[in-house]
Amino acid sequence: MVGYNLVMRYTLRQLEYFVAAGEAGSIRHASERLSISQPSISTAISHLEIELNVQLFIRHHAQGLSLTSVGQILMKEAKHILCMAENLYSLAAETTDQVRGTLSVGAMVTLAPMIMPELVHSFCARYPAAEFTQVASNHEWLAEKLKQAEIDIAITYDLHFPPGIEFSPLASLPPHVLVSENHHLAQRTSVELAELAAEPMIFLDLPLSRQYFNALYHREDLEPNIYARTAEQEVVRTMVANGYGYTLANVRPCSDMALDGKKVVRVKLSGDHRPMVIGMATWQGVRKSRLLDLFADHCRSSISDNAIPGMSPL
């Protein structure tokens, strides 16, 4: 029988701090992300460099850190080790019928504020040993993080995905028009796209989303009269509420107020227009844990055309 007498002189916590610093590009940002003191993270990195006899980072004065070539290789392996360690919890939970572990969930930035708080809270109420890390960003970023196995699942739209990502649809969001309560279209029950073409538009300018909105116009040989562009959904709503123009949107927040307290009015967009479809995106090449399967089931039961967390009905 072969015996093993390997003494590990570094810890999983030190690897976690190393990975966080590498992803954040600075000790300060890693400290904020982990809620750990900067000296603790610096000490962990220094210990790893001494123990492994390598330089992991190049320190740039007042400009953070950058990984050395060796650091990049070890960063990938450290992520793999941390993932394997997390899988031990998942395997143990599966054999004892417990539901525990950590799930990293990404969400489209336009969906996250409405859907994620209620969705995660209701899941954790049922499975209190489960833990979540949540990130919100644009569709392309989420797809890349799924590919790199940095997030386990993403709640996003049925936009373009690279090969290897599996998408499961949950609910449809048809486009509608948003105007201020004083806008001349605010009292209308519906409006056609052709009527809007000459009106000033506040355009939600996110990767891939912009193609979706432009395609609605181009399908009818129209061009939007774009007054302003922004990637921030709440900036769009506030500008609309203040009378700068109209916008097209798919999400339906329960509140009809912009952040400054002014009101926006939702008007039906007439015609046959392709909806956005909310769904779950996962990477096909990753083994799905029991925790992930249960969360996916929870998403299916919580998000449908009949009800969406944080959104008003049609």
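Check the entry above for the structure.
Since this is a predicted model, take the numbers as computed values, not measurements. (Residues numbered from 1 in each chain as written. Predicted model: local features only at pLDDT ≥ 70, side-chain atom pairs only at ≥ 80, totals over all residues. Heavy atoms only, no water.)

Q: For this particular structure, what's the right way to read the overall build of the chain?
A: Check the secondary structure of the chain and you find 10 helices and 13 strands. With respect to the principal axes defined by its C-alpha atoms, the chain has extents near 80 × 50 × 35 Å. Per-residue burial over the chain gives 45% buried out of 314 residues. Counting only contacts in the chain whose residues sit at least 6 apart along the sequence, the fraction spanning at least 24 positions is 73%. Of the roughly 16900 Å² that the chain leaves accessible, carbon and sulfur atoms contribute 53%. Each charge class in the chain was averaged separately, 26 positive and 33 negative side chains, and the resulting centres sit 3 Å apart. (Helix = DSSP H or I, 4+ residues; strand = E, 2+ residues; numbered from the N terminus. Buried < 20%, exposed > 50% of the residue type's maximum accessible area, 1.4 Å probe, protein only. Contact = heavy atoms within 4.5 Å. Areas by Shrake-Rupley, 256 points an atom, 1.4 Å probe, with all protein chains shown as cover. Lys, Arg positive; Asp, Glu negative; His and termini not counted. Charge placed at Lys NZ, Arg CZ, Asp CG, Glu CD.)

Q: Explain the pairing of strand 7 (residues 176-180) here, please?
A: In summary, the side chains of a regular strand alternate between the two faces of the sheet. Buried residues dominate strand 7, accounting for 5 of its 5 residues. Residues His176, Leu178 and Ser180 point to one face of strand 7 and Val177 and Val179 to the other, with burial holding for every one of them. Summarising the sheet, strand 7 and strand 12 (residues 264-269) pair through 5 bridges and their orientation is antiparallel. Bridge pairing links Ser180 to Val264 in strand 12. (Pairing = 2+ DSSP bridges.)

Q: Is there a simple way to explain unusual backbone geometry in this structure?
A: Negative phi values dominate among residues other than glycine, just as trans dominates among peptide bonds. In this structure, Asn53 is a non-glycine residue whose phi angle is positive, near 60 degrees. Within the element layout of this structure, Asn53 appears in the loop between helix 3 (38-52) and strand 1 (57-60). Classification of Asn53 as exposed rests on a relative accessible area of 69%. Here Leu208, not a glycine, exhibits a phi torsion of approximately 70 degrees, which is positive. With respect to the element layout, Leu208 can be found in the loop between strand 9 (200-204) and helix 8 (209-218). Note on Leu208: relative accessible area 14%, which makes it buried.

Q: Hey, could you run me through empty space enclosed by the protein in this one?
A: Leftover empty space is mapped by rolling, across the atoms, a probe with the size of a water molecule. Per the counting criterion, the structure on display carries 2 cavities of 30 Å³ or more. As a volume, the largest cavity reaches approximately 150 Å³. Lining the largest cavity we find 16 residues, and of these Leu204, Gln233, Ala249, Asn250 and Val251 sit closest to its centre. Contributions of two or more residues to the lining of the largest cavity are made by helix 8, helix 9 (233-241) and strand 11 (247-249). (1 Å grid on protein atoms, 1.4 Å probe; cavity = no way out; pocket = protein on both sides within 12 Å on 5 of 7 lines; lining within 4 Å. Points joined across faces, edges and corners; volume = space filled by probe spheres on them.)

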